[in-house]
Amino acid sequence: MAVIFGTILVLAGFACGIYAVLQLVWANPAVPLPLFTSPPSRPRASVLLNVGAVALVIWGANLMTPDIGAWAFVLLIVAVLLPFLVIRAWHNGLVAARW
């Protein structure tokens, strides 16, 4: 049962992470987003969704740790970083193509 609830929480966190990065992209439509520094405009909703995403993913992975073991750490990395990196790279590619 913990795996089911953990999966639901991880997926909810993954969805929050996607929406957080999309909020960031929509706030900066013509500007490439830097990877390690702050973007020119960062909406509060993006920050709150990002914090919520990390909290949900950590909570879900902690619930699943007894059943999936060390794979919970891999799940944390994938669920938190994948939307962040993929959507930013996609956005920066679109912005570069416009120039």
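Assigned secondary structure in the chain consists of three helices and zero strands. Going residue by residue from the N terminus, the α and β elements of the chain occur as α-α-α. Here the C-alpha coordinates of the chain stretch approximately 50 × 25 × 20 Å along the principal axes. Of all 99 residues assigned to the chain, the portion counted as buried reaches 26%. Counted over contacts in the chain with a minimum sequence separation of 6, partners at least 24 positions apart contribute 72%.

Compared with an ideal rise of 1.5 Å per residue, which puts 25 residues at 36 Å, helix α2 (residues 44-68) spans 34 Å between its outermost C-alpha atoms and is within 8% of the ideal. Taken residue by residue, α2 has Ser46, Ala53, Val57, Gly60, Ala61 and Met64 as its buried positions. Turning to α2, the residues buried within the fold contact α1 (2-27) and α3 (71-98). Positive backbone phi, approximately 70 degrees, marks Gly69, located one or two places after α2.

A word on α3. Compared with an ideal rise of 1.5 Å per residue, which puts 28 residues at 40 Å, α3 spans 40 Å between its outermost C-alpha atoms and is within 8% of the ideal. In α3, a bend of some 40 degrees at Leu81 exceeds every other bend along the element, and Pro83, a proline, comes one to four places later. Looking only at α3, the buried set comprises Ala72, Ala79, Pro83, Ile87, Arg88, His91 and Val95. The elements touched by buried residues of α3 are α1 and α2.

Moving on, we come to the packing of aromatic side chains. Under the definition given, this model contains one aromatic pair. Ring centres 5.9 Å apart and planes at 80 degrees place the aromatic pair Tyr19 and Trp26 in the edge-to-face group. Judged by its relative accessible area of 52%, Trp26 is exposed.

Within the secondary structure, Asn28 sits in the loop between α1 and α2. Given the relative accessible area of 3%, Asn28 is considered buried. Ignoring anything within four residues of it in the chain, the contact list for Asn28 reads Leu33, Pro39, Pro40, Ser41 and His91.

Turning our attention to the environment of Pro39. Here Pro39 is to be found in the loop between α1 and α2. In this structure, the C-alpha to C-alpha distance between Pro39 and Asn28, residues eleven residues apart in sequence, is 7.9 Å. Those residues in contact with Pro39 that lie beyond four places of it in its chain are Leu24, Asn28, Leu33 and Pro34.

Next up on the list: the packing of α1 against α2. Following both chains from N to C, one finds α1 and α2 inclined at 160 degrees, their axes separated by 7 Å at the closest point. Considered as vectors, α1 and α2 are oriented roughly antiparallel to each other. Classified by chirality, the crossing of α2 by α1 is left-handed. Classifying every residue of the contact of α1 with α2 by side-chain character gives 20 nonpolar, eight polar and one charged.

Here is what the cut-offs are and how they apply
- Residues numbered from 1 in each chain as written.
- Predicted model: local features only at pLDDT ≥ 70, side-chain atom pairs only at ≥ 80, totals over all residues.
- Heavy atoms only, no water.
- Helix = DSSP H or I, 4+ residues; strand = E, 2+ residues; numbered from the N terminus.
- Buried < 20%, exposed > 50% of the residue type's maximum accessible area, 1.4 Å probe, protein only.
- Contact = heavy atoms within 4.5 Å.
- Expected span 1.5 Å × (residues − 1).
- Bend = angle between axes of the 7 residues up to and from the residue.
- Phe/Tyr/Trp six-rings, centres within 6.5 Å; stacked < 30°, edge-to-face > 60°.
- Axes fitted to C-alpha atoms, helices over the stretch in contact; angles between N-to-C directions.
- Parallel < 35°, antiparallel > 145°, perpendicular 65-115°, else oblique.
- Left-handed = near helix turned anticlockwise from the far one by under 90°.
- Nonpolar A, V, L, I, M, F, W, Y, C, P; charged D, E, K, R; others polar.

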